[in-house]
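Analysis of the macromolecular model
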Amino acid sequence: MPAPELPGVVSAEALVQTGKAIASVQLPSGEIPWFPGGHTDPWDHVECAMALSVIGQLAEAERAYEWLRDSQRSDGSWPLQVRDGVVEDAGADTNYCAYPAVGVWHHVLITGDDSFAERMWPMVRDAIDFVLTAQHQRGEIDWGIGEAGPTGEALLSGSSSIHQSLRCALALADRVGVPQPSWEVAVGRLGHALRRHPEAFTPKTRYSMDWYYPILGGAVRGEAGLRRIDERWDDFVVPDLGIRCVDDHPWVTGAETCELVLALDALGEHDRAVQQLSAMQHLRDPDGSYWTGFVFADGKRWPEEQSSWTAAAVVLATDALTRTSLGNGIFRGEGLPSGLPVENAACCAYERTR
């Protein structure tokens, strides 16, 4: 399996080195923490597993998915944070719990391994069913579920990511021959809320993720997506460095920059995407890992960590731009079901009776 290569930005040899840097952090259990000795969350763990699949480190990727299967709780969720198998935060984030569907489908696309799909299907099914207990009638999904139930607060970036997860889960359900019509309804309602009901989500407009995630998650594309990108481009993009994590802080972050690259790629904005992937390469370490961020006001890397998930984001962005692996189109939504559309006036009738 050839490694992705983007001439003038990152070579195949460099990305293989980055894949090895991610694998070096993996514990014998399969868990992939943020960095050696750091904690693990399900979302970033999956992102790292996806990068390992792209680089061809399939055994390591499958160990990561087996760890997820082994650590899943009986209700279908995972803890927010663990460290070497020890739970540090037992809460459940719905976006974190949905994201394994993306990773599993990505691995199936790359390997064509139906036995892997069958093995992972119960894990994905239970996780998605858990997540959908937090969906509102309008379509948005609360960010967390605690002992007392859903939090009652939905976040735009989290729900946008769940939108992609649901589509990948539907694709996996089709692959294993177990249709999930209720999920088709759920993703249709969620997409509608993301496009038409900004009031459904707690405003987090300072954060770049709220800017590009509706595009990255597949709910907003085409002209609407381009308008969204252009409206706040100057608020977040720092020339030759990447993008800010927060619009009022002089801090650029590598993972957010690479996610913007994926969003731009989904909009067909190839040149701008390449420009941003190139801009964040100043965060690369000689060992192939990537620093998390850079405070450009004082010229310091911060936090002082080389996060596995930042390295993973670089691999996935490069793969998408170069169309290298068989999973390169997952963020463009290629071949993913869209759910049942609800884009009509009647779907909001309940709003007028409240």
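Everything in this summary refers to the structure shown in the same document.

Calculation rules
Residues numbered from 1 in each chain as written. Predicted model: local features only at pLDDT ≥ 70, side-chain atom pairs only at ≥ 80, totals over all residues. Heavy atoms only, no water. 1 Å grid on protein atoms, 1.4 Å probe; cavity = no way out; pocket = protein on both sides within 12 Å on 5 of 7 lines; lining within 4 Å. Points joined across faces, edges and corners; volume = space filled by probe spheres on them. Helix = DSSP H or I, 4+ residues; strand = E, 2+ residues; numbered from the N terminus. Nonpolar A, V, L, I, M, F, W, Y, C, P; charged D, E, K, R; others polar. Polar contact = N/O pair within 3.5 Å; in protein donor to acceptor, adjacent residues only side chain to side chain. Pairing = 2+ DSSP bridges. Disulfide = S-S within 2.5 Å. Buried < 20%, exposed > 50% of the residue type's maximum accessible area, 1.4 Å probe, protein only. Phe/Tyr/Trp six-rings, centres within 6.5 Å; stacked < 30°, edge-to-face > 60°. Lys NZ or Arg CZ within 6 Å of the ring centre and 35° of its normal.

A full pass over the atoms with the stated rule returns 2 cavities of 30 Å³ or more. As a volume, the largest cavity reaches approximately 40 Å³. Taken together, Glu47, Tyr99, Ser161, Gln164, Tyr213, Leu216, Gly217, Glu259, Leu262 and Phe331 form the lining of the largest cavity. Those elements giving two or more residues to the lining of the largest cavity turn out to be α7 (156–176), α9 (208–216) and α11 (254–266). Looking at side-chain class alone, the lining of the largest cavity contains 5 nonpolar, 3 polar and 2 charged residues. Space inside the second largest cavity adds up to approximately 30 Å³. Considering the residues around the second largest cavity, the lining is formed by His106, Leu316, Asp319, Ala320, Gly327, Asn328, Ile330 and Phe331. If one sorts the elements of the lining of the second largest cavity by residue count, helix α13 (residues 308–322) sits on top with 3 residues. Split into classes, the residues belonging to the lining of the second largest cavity amount to 4 nonpolar, 3 polar and 1 charged.

We now examine the side chain of Asp41. By secondary structure assignment, the location of Asp41 is in the loop between α1 (12–25) and α2 (42–55). At 3.0 Å, the side chain of Asp41 and the backbone nitrogen of Trp43 are in polar contact.

Our next topic: the layout of surface pockets. Over the atoms rolls a probe the size of a water molecule, and in doing so it shows where empty space is left. Considered as a void within the structure, the largest pocket measures approximately 890 Å³ in volume. In terms of lining, the largest pocket is formed by 31 residues, of which the most central are Asn95, Tyr96, Ser157, Met209 and Glu256. When residues of the lining of the largest pocket are traced back to their parent elements, those giving at least two are α2, α4 (94–98), α7, α9, β8 (251–253), α11 and α13. A per-element tally of the lining of the largest pocket places α7 first, with 4 residues.

Moving on to the sheet that holds strand β4 (residues 144–146). Spatial ordering of the open sheet is given by β3-β4-β5, a layout of 3 strands whose pairing is antiparallel. Sheet topology places β3 (92–93) and β5 (149–150) at the edges, where each strand pairs with a single neighbour.

Backbone hydrogen bonds are what pair the strands of a sheet, in a parallel or an antiparallel way. Spatial ordering of the open sheet is given by β6-β7-β8-β9-β10, a layout of 5 strands whose pairing is antiparallel. Across the chains shown, the open sheet's two edge strands, defined by having one partner strand only, are β6 (237–238) and β10 (300–301). With 2 bridges joining them, β6 and strand β7 (residues 242–244) adopt antiparallel strand pairing. Bridging across to β7, Val238 finds its partner in Gly242.

Take the state of the cysteines next. Inspection of the entire model under this criterion finds 0 disulfides. Cys48 takes part in no disulfide bond, and the closest cysteine sulfur, belonging to Cys258, lies 13 Å away. Considering cysteine sulfurs only, Cys168 is the nearest to Cys97, which forms no disulfide, with 16 Å between them. Of the residues examined, Cys97 reaches a relative accessible area of 1% and is grouped as buried.

Moving on, we come to the packing of aromatic side chains. This model, assessed by the stated rule, comprises 9 aromatic pairs. Aromatic side chains Trp34 and Trp309 sit 5.2 Å apart centroid to centroid with 75° between the ring planes, which places their arrangement in the edge-to-face category. Here Trp34 is found in the loop between α1 and α2, whereas its partner Trp309 is found in helix α13, with 275 residues between them in sequence. Centre to centre, the rings of Trp121 and Trp183 are 5.7 Å apart; their planes meet at 50°, and the pair counts as tilted. One end of the pair, Trp121, is in helix α6 (residues 114–131); the other, Trp183, is in helix α8 (residues 181–196), and 62 residues separate them in sequence. For the pair Trp121 and Trp183, one class covers both residues: buried. In this structure, Arg272 is placed above the aromatic ring of Trp233, and the distance from its NZ or CZ to the ring centre is 4.6 Å.

All we've got here are geometric facts, nothing functional implied.
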